[in-house]
Amino acid sequence: MDFDVIKQNIGDFPLGKTFWFEETDSTNDCLKESAVGTLAVADKQSKGKGTRGRSFESGEGGLYFSFVSPLWEKPNLMTPAAAVSVSETLDELTDLKTEIKWVNDVYAGGRKLCGILCERTKEGVVVGIGINIENDVPKELSGCATSVKIEGGKIPDKETIIAGIIRRFSAFGKDESHSFMAEYRRKNLLIGREIEYVVGGETFSGVATDVTADGLLEVDGERLLSSGDVRIKLKNKQGDNV
């Protein structure tokens, strides 16, 4: 991992200490006590983390990294900003056409390509990103997960991907108009489609109609859902829930 390449292309993000691991439990956990600007990258994670305590498959061939960002004035927009940063960077570098599944996943070809997890710490917010690049997806996940290689995209070097994502994310954090939310809506694959969601243990269905300026998912034009109290089930082209 050539951190000099990242530093030269990261824009005005205050890159500080950097760590590379052949394998670690979780890059997010590595940075729980770290200062703003710290970056950790791993080739593999043995305990990759997803939202609400779920695990994130983190095998060899993927890109797994976390960085500590200053806390934004609107922390709830940090995950959407990270999703747009990943999606735009991968579109540019791989020639794939990616989409975003509210609130924190990036998709390609109707299957999950990337997961994002933002966690508050004493120093700021750890932004964790896991992207399937050249990994082979386990058979049991082949209906709902994919990789850049499987989708036939170009394979850029990991340093360029990291720099592109953090550079965009840092710029979004300084955008007082939050203009990136327009792209977040445009790329969101849920809008206009039937979904199922779970609130308080009860399952409901409806049509996702919009994402608000604060990042809430609007269902049936009236109900607003937050990322903390729902699970979305959307059928892909193969009929699998994703």
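Residues numbered from 1 in each chain as written. Predicted model: local features only at pLDDT ≥ 70, side-chain atom pairs only at ≥ 80, totals over all residues. Heavy atoms only, no water.

1. With respect to helix α4 (residues 158–173)
Just so we agree on the cut-off: For the purposes of this entry, the term helix denotes a DSSP run of H or I that reaches at least four residues, the term strand denotes a run of E that reaches at least two, and both are numbered from the N terminus. Multiply 1.5 Å by the residue count of a helix minus one, and that product is the helix's expected span. Only protein chains enter the calculation, and the probe is 1.4 Å; a residue is then buried if its accessible area is under 20% of its type maximum, exposed if over 50%, and partly exposed in between. We call two residues contacting when some pair of their heavy atoms lies within 4.5 Å. Identification of polar contacts relies on pairs of N or O atoms within 3.5 Å, with a donor-acceptor requirement for protein atoms, meaning one able to donate a hydrogen and the other able to accept it, and with residues adjacent in sequence counted only if both atoms are side-chain atoms.
Taking 1.5 Å per residue as the helical rise, α4 with its 16 residues ought to reach 22 Å, and the 23 Å between its terminal C-alpha atoms agrees with that figure. For α4, the set of buried residues is Glu159, Ile161, Ile162, Ala163, Gly164, Ile165, Ile166, Arg168, Phe169, Ser170 and Phe172. Contacts made by the buried residues of α4 are with α1 (3–8), β2 (39–42), β3 (63–69), α3 (78–94), β7 (125–131) and α5 (180–187). The opening residue of α4, the one whose side-chain oxygen lies 3.3 Å from the backbone nitrogen of Glu159, is Asp157.

2. Some words on the sheet that holds strand β5 (residues 105–108)
Rules: Strands qualify as paired when DSSP identifies two bridges or more between them. Axes here mean lines fitted to C-alpha atoms, for a helix over just the part in contact, with angles spanning 0 to 180 degrees between N-to-C directions.
Taken in spatial order, the seven strands of this open sheet run β1-β2-β3-β7-β6-β5-β4, and their pairing is mixed. With partners counted over all chains shown, the strands left at the sheet margins are β1 (18–21) and β4 (99–101), one partner each. The sheet shows a mean angle of 20° between the axes of neighbouring strands, taken without regard to direction. Sheet topology note: the β4/β5 ladder contains three bridges and is antiparallel. Along β5, the bridge assignment pairs Lys101 with Asp105. On the sheet, α3 packs against β3, β4, β5, β6 (111–120) and β7 and is oriented at approximately 145° with respect to β6.

3. Observations regarding the environment of Ala35
Looking at where Ala35 falls in the secondary structure, it is placed in the loop between α2 (27–30) and β2. Taking the C-alpha atoms as reference points, Ala35 and Pro70, separated by 35 residues in sequence, lie 9.2 Å from one another. Residues in contact with Ala35, not counting those within four places in the same chain, are Val68 and Glu123.

4. Details of the side chain of Ser170
Note on placement: Ser170 falls in helix α4. A distance of 3.2 Å separates a polar atom in the side chain of Ser170 from a polar atom in the side chain of Asp12. Excluding anything up to four places from it in sequence, Ser170 contacts Asp12 and Phe13.

5. Observations regarding the confidence of the model for the protein
Applicable threshold: Scored between 0 and 100, pLDDT is the confidence that the predictor attaches to each residue.
Averaged over every residue, the pLDDT of the protein is 88; the share at 70 or more is 88%. Least confident of the elements in the protein is strand β8 (residues 194–199), whose mean pLDDT is 85; most confident is α3, at 98.

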